[in-house]
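Each chain, letter by letter, is given below.
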Amino acid sequence: MARAENKTEASGTAYLIAALAKALREQQQLSQEELGTEMGYTGSAVSAMETCAQPASDQMLVKLEEVIGGGLGVFQKARRWMLLEKYPARFRGFSEMEAGAVTICSYETLVVDGLFQTEEYARALIGGGYPPISEQKREELVEARLARKALFERDPAPMIELILEESVLRRPFGSWEILHGQLRSLAEDARRDNVCVQVLSLERGLRGTYAGARGPMKLVETKDHQHVVYMEVEDQGILVSDPAEVSQLAHRYAKIRAQALSPDDSLNLIERLAGEKP
């Protein structure tokens, strides 16, 4: 629902798009109701977009391009920047790197990696965080997170590797139904040709060695074949590019991977937990 206070949270790009959409609509002598009808929206939705009470969603930008874009491509180009501004500031630089990456290797200890999250899981996770955020901000973050899934279908496809602590597979957000849906989706992604998912067993520490104690990380090979590591600690994003430091972290990740269950055993565990009742 559009709210007046949302205007204070809207980005500069959102205001620019709103002004451009209004100018093009008026140039084409369309009322808000007429434009809304052509796009499949209500007139009030167009009004909310033009005042930034409810900034344009990614889907609305697509429709604006089709109906009043005039072949300029401005609304199409704006999709990238609108989504980018919806990410937390700490993640924006890395998101561009991730989108063009050749290889992405992630180790997660608390939640399912954002690239693999379902809409329901992401909404429950983001909406339940602290400090609380507005409904608009929650939906923007959910939309931006889901947009990352385009990476799975990119051509050429990147190699994506994910290692999850077993506890992640057992930790519900929102409801057990949401968790089970997330596990089923994770199992489907694990079957992709360019994806490998492994689970680090809860009992790994009983073997005497456990390499994952220092927390999550993402190792990325960029499109320019540079190797970087991204980590988040208490809302602070850390990007490591020094070759010596990256090498040390890569060795630690390799040890975590070696200690995890095989991809086949991991998939079997995920599928079993997806079918369990709480």
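See above for the structure.
Residues numbered from 1 in each chain as written. Predicted model: local features only at pLDDT ≥ 70, side-chain atom pairs only at ≥ 80, totals over all residues. Heavy atoms only, no water.

## Comments concerning the packing of helix α2 (residues 32-39) against helix α4 (residues 58-68)
As a packed pair, α2 and α4 sit with axes 9 Å apart at the nearest point and diverge in direction by 105 degrees. One finds that α2 runs roughly perpendicular with respect to α4. Residues Leu35, Glu38 and Met39 of α2 pack against Met60, Lys63, Leu64, Val67 and Ile68 of α4. (Axes fitted to C-alpha atoms, helices over the stretch in contact; angles between N-to-C directions. Helix = DSSP H or I, 4+ residues; strand = E, 2+ residues; numbered from the N terminus. Parallel < 35°, antiparallel > 145°, perpendicular 65-115°, else oblique. Contact = heavy atoms within 4.5 Å.)

## Quick notes on unusual backbone geometry
Glycine aside, residues mostly have negative phi angles, and peptide bonds mostly take the trans form. Here tyrosine 130 and proline 131 are connected by a cis peptide whose omega angle stands at 0 degrees. With respect to the helices and strands, the residue proline 131 is situated in the loop between α7 (119-127) and α8 (135-147). For the bond from aspartate 155 to proline 156, the omega torsion is 5 degrees, close enough to zero to count as cis. Relative to the assigned elements, proline 156 resides in the loop between α8 and β2 (159-165). Here cysteine 52, not a glycine, exhibits a phi torsion of approximately 65 degrees, which is positive. Relative to the assigned elements, cysteine 52 resides in the loop between α3 (43-51) and α4. At aspartate 235, a position not held by glycine, the phi torsion is positive, near 70 degrees. Position of aspartate 235 relative to the elements: it lies in the loop between β5 (227-233) and β6 (236-240).

## Topic: α7
The periodicity of an α-helix, 3.6 residues per turn, causes residues three or four positions apart to be oriented the same way. Every buried residue of α7 is accounted for by Tyr121, Ala122, Leu125 and Ile126. Down the axis of α7, the buried set is contained in an arc of 115 degrees. They therefore lie on one face. Packing partners of the buried residues in α7 comprise α8 and α10 (176-190). (Buried < 20%, exposed > 50% of the residue type's maximum accessible area, 1.4 Å probe, protein only. Arc of directions from axis to C-beta.)

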